[in-house]
Amino acid sequence: MDKWVVYALISMIFAGFTSVIAKMGLAGISGELGLTVRTLFVSLFVFGFAAIAVPSGDFLLLNRMNILWLGLSGMTTTLSWIFYYKALKLGDVATVALIDKGSVVVAIILAWLLLKEVITLRILIGGALIVGGLLVMVKRP
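### A short note on the overall build of the protein chain
A tally of regular secondary structure across the protein chain gives 6 helices and 0 strands. The order of helices and strands in the protein chain, counted from the N terminus, is α-α-α-α-α-α. Overall size of the protein chain, expressed as C-alpha extent along the three principal axes, is 55 × 45 × 30 Å. Across the 141 residues in the protein chain, those meeting the buried criterion constitute 12%. Considering only intrachain contacts with a sequence separation of at least 6, the fraction spanning at least 24 residues in the protein chain is 75%. Summing over all exposed atoms, the protein chain offers an accessible surface of approximately 11,100 Å²; the carbon and sulfur share of this is 77%. Here the protein chain contributes 11 positive and 6 negative side-chain charges, whose respective centroids are spaced 6 Å apart.

Here you go:
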């Protein structure tokens, strides 16, 4: 198995824990406060990770385009997290998490449009299954 697949699977497991643990942490407080506290912890952990894992010379490799695109990514992450926490506070974890994973379909389309990545039949079928799952999960009986 490729190393990136292992990393992606580990990410998937931690992301699953994240949603459930976050919902537990939102008991009695607003989604906005919960997101703020969580983000402070994320920042501390990421800075600690960078101090250990990023060679100091690598910071000199950053250029304006890196900063621009990563800054925009940070902005979209922030917006995603704000609305995710609003949804998580009000909805069921399983449904909110699945709808959030619909971002895979958005990423497929954007990767095709902006990065010229190839959309294969396998990717089309996987994306269609995700959309199908979303429709099944959000439809009320």
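### Focus: unusual backbone geometry
One non-glycine residue, Lys 116, lies in positive phi territory at about 60°. Relative to the helices and strands, Lys 116 is located in the loop between α5 (103-115) and α6 (121-138).

Cut-offs and rules
- Residues numbered from 1 in each chain as written.
- Predicted model: local features only at pLDDT ≥ 70, side-chain atom pairs only at ≥ 80, totals over all residues.
- Heavy atoms only, no water.
- Helix = DSSP H or I, 4+ residues; strand = E, 2+ residues; numbered from the N terminus.
- Buried < 20%, exposed > 50% of the residue type's maximum accessible area, 1.4 Å probe, protein only.
- Contact = heavy atoms within 4.5 Å.
- Areas by Shrake-Rupley, 256 points an atom, 1.4 Å probe, with all protein chains shown as cover.
- Lys, Arg positive; Asp, Glu negative; His and termini not counted.
- Charge placed at Lys NZ, Arg CZ, Asp CG, Glu CD.

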